[in-house]
Amino acid sequence: MFPLKSLDQLQIGLTEDHELLRQSIREFSEKFLLPNVDKGEKERDFPKEAVDQARELGLFGLDIPTEYGGQGADYLSLLVTSEEISRVWTSFSALLLVHWMLGRAVLKYGNEEVKKKYLPEVASGRKIGGFANTEPEAGSDVAGIKSTAKKVNSHYVINARKIFITNGDIADYLIITARTSPPDPKARWKGISMFLVERDWGIKAVSRIETTGLKASHTAEILLEDVKVPEENLLGEEGLGFKYAVESFDYARTIVSSQAVGIAQSAFEKLIDYSLQRKSFERPIADFQMVQQKVSESFSDLMTSRLLTYWAGTLYQKGMMDEYIIAASLAKFHSTEAAEKVVLRTMTAFGGYGVTVSTGLERLLRDLQILKTYEGTNDIQRISASRQLFYRFKGVKVG
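Residues numbered from 1 in each chain as written. Predicted model: local features only at pLDDT ≥ 70, side-chain atom pairs only at ≥ 80, totals over all residues. Heavy atoms only, no water.

As annotated in an unreviewed UniProt entry, the protein chain is Acyl-CoA dehydrogenase from Stygiolobus caldivivus. Recorded under Sequence similarities (unreviewed entry), the UniProt text for the protein chain is reproduced unchanged: "Belongs to the acyl-CoA dehydrogenase family." Looking at the Cofactor (unreviewed entry) heading of the UniProt record, one finds this comment for the protein chain: "FAD". (UniProt positions renumbered as here; feature names shortened; annotations may be inferred.)

Encoded structure:
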């Protein structure tokens, strides 16, 4: 069982309630998202009716406690929701993912005054959230951020330039990481702090970034110039923002895995349906062993990804963070790359139709390139999983 210590660490905690949620999200996705995908991707935006319906269903505050206006759902509910939405429109799930990240950061690190002020607005979806950490010279290297926050009386004055920020040009509230003290050469991560900043205080969207996939997702570069932020909007302790940011990415990582599972599910369904409907030499192509191999391999990739993703989610839900951090990295790189294989097999089975835009397969393939990159690139996840394994289960720091 190494490195696991018991069978408790190898369980998946899905229940009938999660299945009911899945059915509800699938109905929402097929009724309000599916008819709008092509138009939304072309216009690079989401239809108002879909956003309004998501608000009505409580999706924006899914895991925020009821005392702050949320649904009080568990972590696995986020994975179910993200998977089902991504099966239809991954861009829309990205909107929720980053919004959830802001809500979780405020809930975990904010003081009670901040929670009461902001969480009801976030939970209702009346205000949209964003999470701004990445900079032109600091992506995977979180400790390398150059943004600054200087304490002046009862405020912090923030100067920052952030890039590749999901919801960056539409978010009402953004998490901003910035240095409150210079980096220590022996511990570069020290001196970074995390803030909750309202757009109206001076956050400017410099540009909307055109990306390979997630076309409807609002990816932007933002700028803060001498933006005054009340000291109570410092989240957690000053100087510990690096740890808070890393924990936030840990939280988001398995949600990205669930997005990939949704994409794999979508492609797999297309593969099955097409192989039964399409005829070649007067026989359904499902009769041919080459197609049968694609089906079985894709089914294997889909199910291993789903099991790995929900296993990681169960570890998170149980608070088994040593095991979770490793499982989340494994789930992220495995699920995104497995989904890519499923999509490519499906495109091949479709023949000439596989390279047309009308099937939706090329969109799934493009979206996966973003999933392989954000919330920690797959290359970084491979290194992280290995280092964490050595450290957390053997007590040895490598690399």
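A. Main features of the pairing of strand β3 (residues 155-166). Sheet topology places strand β2 (residues 148-152) next to β3; five bridges connect them, and they run antiparallel. Residue K151 lies in a different strand from β3, and its bridge partner there is Y156. Hairpin connection between β2 and β3: a loop of two residues separates the two successive antiparallel strands, and N153 in this loop has a positive phi of roughly 55°. When β3 meets strand β7 (residues 219-230), the two strands line up antiparallel, connected through nine bridges. Across the sheet, the residue bridging to I158 is V227, located in β7. (Pairing = 2+ DSSP bridges. Helix = DSSP H or I, 4+ residues; strand = E, 2+ residues; numbered from the N terminus.)

B. Here's a closer look at the nonpolar core. Of all hydrophobic cores here, the largest spans 93 residues; its most connected members are F92, I175, M194 and L196. Among the elements that line this core, the one with the most residues is helix α7 (residues 241-277), at 15 residues. Listed in part, the 18 residues of the second largest apolar core include A149, I158, I176 and V197. (Core = buried A, V, L, I, M, F, W, Y, C linked by side-chain atoms within 4.5 Å. Buried < 20%, exposed > 50% of the residue type's maximum accessible area, 1.4 Å probe, protein only.)

C. Examining helix α10 (residues 361-371) more closely. Along α10, the residues classified as buried are L361, R363, L364, D367, L368, I370 and L371. Taken around the axis of α10, the buried residues stretch over an arc of 160°, which confines them to a single face. Considering only its buried residues, α10 is in contact with α2 (37-43), α5 (90-109), α7 and α9 (321-349). (Arc of directions from axis to C-beta. Contact = heavy atoms within 4.5 Å.)

D. Highlighting the UniProt feature "domain: Acyl-CoA dehydrogenase/oxidase N-terminal" (unreviewed entry) in the protein chain. Feature annotation in UniProt places "domain: Acyl-CoA dehydrogenase/oxidase N-terminal" (unreviewed entry) on residues 15-125, given in this structure's numbering. Secondary structure content for residues 15-125 is 71% helix and 0% strand, and the end C-alpha separation is 27 Å.

E. Seen up close, the pattern of salt bridges. Considering all chains together, one arrives at 29 salt bridges under this definition. As a salt-bridge pair, R22 and E84 come within 3.0 Å of each other at their nearest N and O atoms. With R22 in helix α1 (residues 16-33) and E84 in helix α4 (residues 75-86), this pair connects stretches of sequence that are 62 residues apart. Residue R22 is classed as buried on the basis of its relative accessible area of 13%. Note on E84: relative accessible area 1%, which makes it buried. (Salt bridge = Lys/Arg side-chain N within 4 Å of Asp/Glu carboxyl O.)

F. Spotlight on the side chain of E375. Here E375 is to be found in the loop between α10 and α11 (378-394). For E375, which is buried and forms no salt bridge, the nearest opposite charge comes from R253, at a distance of 6.1 Å. Residues contacting E375, with those up to four places away along its chain left out, are L97, M101, F249, A252, R253, V256, K332 and Q381. (Lys, Arg positive; Asp, Glu negative; His and termini not counted.)

G. Spotlight on the packing of aromatic side chains. This structure, assessed with the given rule, holds 18 aromatic pairs. Within the aromatic cluster, the residues linked to one another by ring pairs are F28, F32, F46, W89 and F92. One Lys or Arg, R382, reaches over the ring of F333 and ends 4.3 Å from the middle of that ring. (Phe/Tyr/Trp six-rings, centres within 6.5 Å; stacked < 30°, edge-to-face > 60°. Lys NZ or Arg CZ within 6 Å of the ring centre and 35° of its normal.)

H. The UniProt feature "domain: Acyl-CoA oxidase/dehydrogenase middle" (unreviewed entry) in the protein chain, seen in detail. Residues annotated by UniProt as "domain: Acyl-CoA oxidase/dehydrogenase middle" (unreviewed entry) correspond here to residues 131-227. Summarising residues 131-227: 0% helix, 49% strand, and an end-to-end C-alpha distance of 17 Å.

I. Quick peek at helix α3 (residues 48-56). Within α3, burial applies to A50, V51, Q53 and A54. Along α3, the residues classed as buried sweep out an arc of 160° about the axis, all on the same side. Of the exposed residues in α3, those oriented more than 90 degrees away from the buried face are K48 and E56. At its buried positions, α3 is contacted by α1 and α5. Where α3 terminates, the next one or two residues include G58, which has phi positive at roughly 80°.

J. Up close: the packing of α9 against α10. Interaxial distance between α9 and α10 falls to 10 Å at its minimum, and their mutual angle equals 160°. Our classification of the angle between α9 and α10 gives roughly antiparallel. Note on packing geometry: the crossing formed by α9 with α10 is left-handed. Judged by residue contacts, K332, T336, A339, E340, V343, L344, T346 and M347 of α9 engage L361, L364, L365, L368, Q369 and L371 from α10. Looking at the contact of α9 with α10 residue by residue, the class counts come to nine nonpolar, three polar and two charged. (Axes fitted to C-alpha atoms, helices over the stretch in contact; angles between N-to-C directions. Parallel < 35°, antiparallel > 145°, perpendicular 65-115°, else oblique. Left-handed = near helix turned anticlockwise from the far one by under 90°. Nonpolar A, V, L, I, M, F, W, Y, C, P; charged D, E, K, R; others polar.)

K. Focus on unusual backbone geometry. Positioned with a positive phi, N167 is a non-glycine residue whose angle comes to about 70°. Even without a glycine there, the phi angle at F281 is positive, about 55°. Locating F281 in the fold gives a position in the loop between β9 (279-280) and β10 (283-284).

L. Main features of the environment of R126. By secondary structure assignment, the location of R126 is in the loop between α6 (112-124) and β1 (129-132). Discounting chain neighbours no more than four positions away, the residues touching R126 are R55, P120, E121 and D172. A polar contact is formed between the side chain of R126 and the side chain of E121, at a distance of 3.0 Å. (Polar contact = N/O pair within 3.5 Å; in protein donor to acceptor, adjacent residues only side chain to side chain.)

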